[in-house]
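Structural description and commentary
These are the residues of each chain, in order.
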Amino acid sequence: MSNKAPERLKIFGDFTALIGDDIGHLSTEWDTVIRDDIFMSSAYLELLQRCPPHNYTFRYAVIYDGVEVAGAIYFQIRPLNLSESFDVHTHSTSIWARIRTAIVKWGVSLVNHEFLVCGNVLLTGEHGFKFRPGISESDQHRIVEASIEHIRTLVRTEDRKNIRSVLLKDFYTDPSSRTNTFRSPHYAVFKVQPVMVLNIKKEWRTFDDYLAAVRSKYRVKIKKGMKKAHLVETREMTLEEMEGLETYMFELYKGTSERAMFNLFELHPSYFTELKRTFPDRVRVHGMYLEGQLLGFYTLIQTNHGGEAHFLGYDIEKNPEFELYFNMLKSLVERAIELGFDKLGLSRTALEIKSFFGAEPHQLELHLRYANPLVNRMLPFILSKSVPKKEWIQRHPFKD
């Protein structure tokens, strides 16, 4: 991060952008637009500046319509070597299958450069840009594209780095869930695993009410999982406890996150304590203890629209014995009911077990552009072959 003042740039018409790399220089203007998204608030973005994911830097664009603040756009930048993240191969002996695989490997190997993201790789959901009412969708799309081009130029001239690929994430495909859209013929559109969301019914006042709404075979399995953890105490952690266990919590998080098929980031070791310190009343971190020893933890964040399960970590070796992950999900549902949330976001991993607890999938789409025109035209094919896909069964635990 530099101390350079934000730079005012022309977009089109009466629209201009104030672009900088320190949210502290822009927080007053930024927060006039961002009112209902904790993850786009200047307080959260300042936290990420203090404790950034490994190798990440940031850019911020405040958009003006004349003299009036009209919008805010958030960007993340990191070096990317996609060949280290995707395992592209074939078991077929067909010569054509091998040729196709070779082409995909070649395409993936080209993605080794600076990567610009409009949005937040740490999260699922629409946390990339927000405009005040009255700015048309077509103007929003033009402003976002123009801001991207300005940032690419700034990074090239100031940092001597070349941004070759741009990702815009995430946009809900269901209009009832969507707050933002993006359309451009220059971008390939693709989907990854959906985000899982549990809708919490008003009549659920306790976890027993929830269990009463679950079919018998699921209720039996939930109670069986709970029984395996009957010696484990789950309780909310204080900031002081988290500070004392910061290093160990980071180790638990890393041990869990490293098992993911694809991961674009690694959190800062102080992320969890800084998150709790920044939002003491909206962030709850629960630890799972066995005879005073921390076995795992999860984070639950209160948003303006319910609750979001955030990052977690647990002892991989102890997980089978105590069903730690299963009981974290159970505890998340229980806490969400107690806190009166109307829905609980559960992110986009472990889809089947989350549907076991009643969460339903909500599909999102992402938009990707590569600087080389030939590679950009091949992106739909490359993405169709290289984006990880995992088959799963949607469970329906609730009574009709």
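Structure first, text after, so check above.
So, here's what we can say about the structure. Note that this is a predicted model, so its numbers are computed, not measured. Here the residue numbering is sequential within each chain, running from 1 through the sequence in written order. Totals for whole chains, interfaces and linings use every residue, but because this is a predicted model, local features are given only for residues with pLDDT of at least 70 and side-chain atom pairs only at 80 or more, for both listing and counting. Side-chain numbers come from the whole structure's heavy atoms, not from hydrogens or water.

What follows covers helix α9 (residues 271-278). With six of its eight residues buried, α9 lies for the most part within the structure. Each residue is placed in one exposure class: buried if its accessible area under a 1.4 Å probe, protein chains only, is under 20% of its type's maximum, exposed if it is over 50%, and partly exposed if it falls in between. Helix and strand definitions here come from DSSP, where helices need a minimum of 4 consecutive H or I residues and strands a minimum of 2 consecutive E residues; each element is numbered from the N-terminal end. Of all the residues in α9, the buried ones are Y271, F272, T273, E274, L275 and K276.

With that out of the way, let us pick up the nonpolar core. We define the nonpolar core as a collection of buried residues of types Ala, Val, Leu, Ile, Met, Phe, Trp, Tyr and Cys that are connected through side-chain atoms lying within 4.5 Å of one another. W30, Y44, L122, F265, Y271 and F272 are the most contacted members of the largest nonpolar core, which totals 57 residues. The residues touching Y44, leaving out its near neighbours within four places in the chain, are I38, F39, N120, L122, L123, Y271, L275, F279 and H310. Among the nonpolar cores identified, the runner-up in size contains 39 residues, and M196, L329, I337 and L351 belong to it. The contact rule is simple, with two residues in contact once any of their heavy atoms fall within 4.5 Å.

Take the environment of F311 next. When you line up the elements, F311 lands in strand β13 (residues 306-314). Looking at F311, the relative accessible area reads 14%, which means it is buried. Excluding residues that lie within four positions of it along the chain, F311 makes contacts with L122, Y253, F265, L267, Y271, F272, F297, Y298 and T299.

So, about the sheet that holds strand β11 (residues 283-290). Spatially, β10-β11-β12-β13-β14-β9-β15 is the arrangement adopted by the seven strands of the open sheet, whose pairing is mixed. Pairing within the sheet leaves two strands with one partner each, and these edge strands are β10 (233-236) and β15 (360-362). Going from strand to strand, the sheet's axes swing by 30° on average, the running direction of each strand aside. The pairing criterion is simple: DSSP has to find at least two bridges between the two strands. Note that strand β9 (residues 195-199) and β15 share three bridges and pair antiparallel. For M196, the partnering residue across the bridge sits in β15 and is P361. The strands touched by helix α8 (residues 246-257) within the sheet are β11, β12 (293-303) and β13, with β12 carrying the most contacts at an inclination of about 80°. Note on geometry: axes are C-alpha line fits, over the in-contact stretch for helices, and angles between N-to-C directions span 0 to 180 degrees.

To continue, consider the pairing of β11. Summarising burial for β11: seven of the eight residues are buried, a large majority. When β11 meets β12, the two strands line up antiparallel, connected through eight bridges. Within β12, the position partnered with Y289 by the bridge is L294. Counted between consecutive antiparallel strands, the loop separating β11 from β12 contains two residues, among which E291 sits at a positive phi close to 50°.

This part covers the packing of aromatic side chains. Between 30 and 60 degrees the pair is tilted, below 30 it is stacked and above 60 it is edge-to-face, where a pair is any two Phe, Tyr or Trp rings, Trp via its six-membered ring, whose centres lie within 6.5 Å. Counted under the stated rule, the structure contains 25 aromatic pairs. Their ring planes at 85° and their centres at 5.4 Å tell us that F39 and Y44 sit as a pair that is edge-to-face. Of the two residues, F39 and Y44, both sit in the buried class. Aromatic side chains Y271 and F272 sit 5.7 Å apart centroid to centroid with 80° between the ring planes, which places their arrangement in the edge-to-face category. The burial state of Y271 is the same as that of F272; both residues are buried. One aromatic cluster in this structure is built from F250, Y253, F265, Y271, F272, F297 and F311. Each ring is checked for a lysine NZ or an arginine CZ that lies within 6 Å of its centre and within 35 degrees of its normal; such an atom marks a charge sitting over the ring. When the ring centre of F398 is taken as origin, the NZ or CZ atom of K201, which lies over that ring, is 5.7 Å away. Above the ring of F207, the side-chain terminus of K330 is found at 5.3 Å from the ring centroid.

All quantities given are derived from atomic positions and should not be read as evidence of function.
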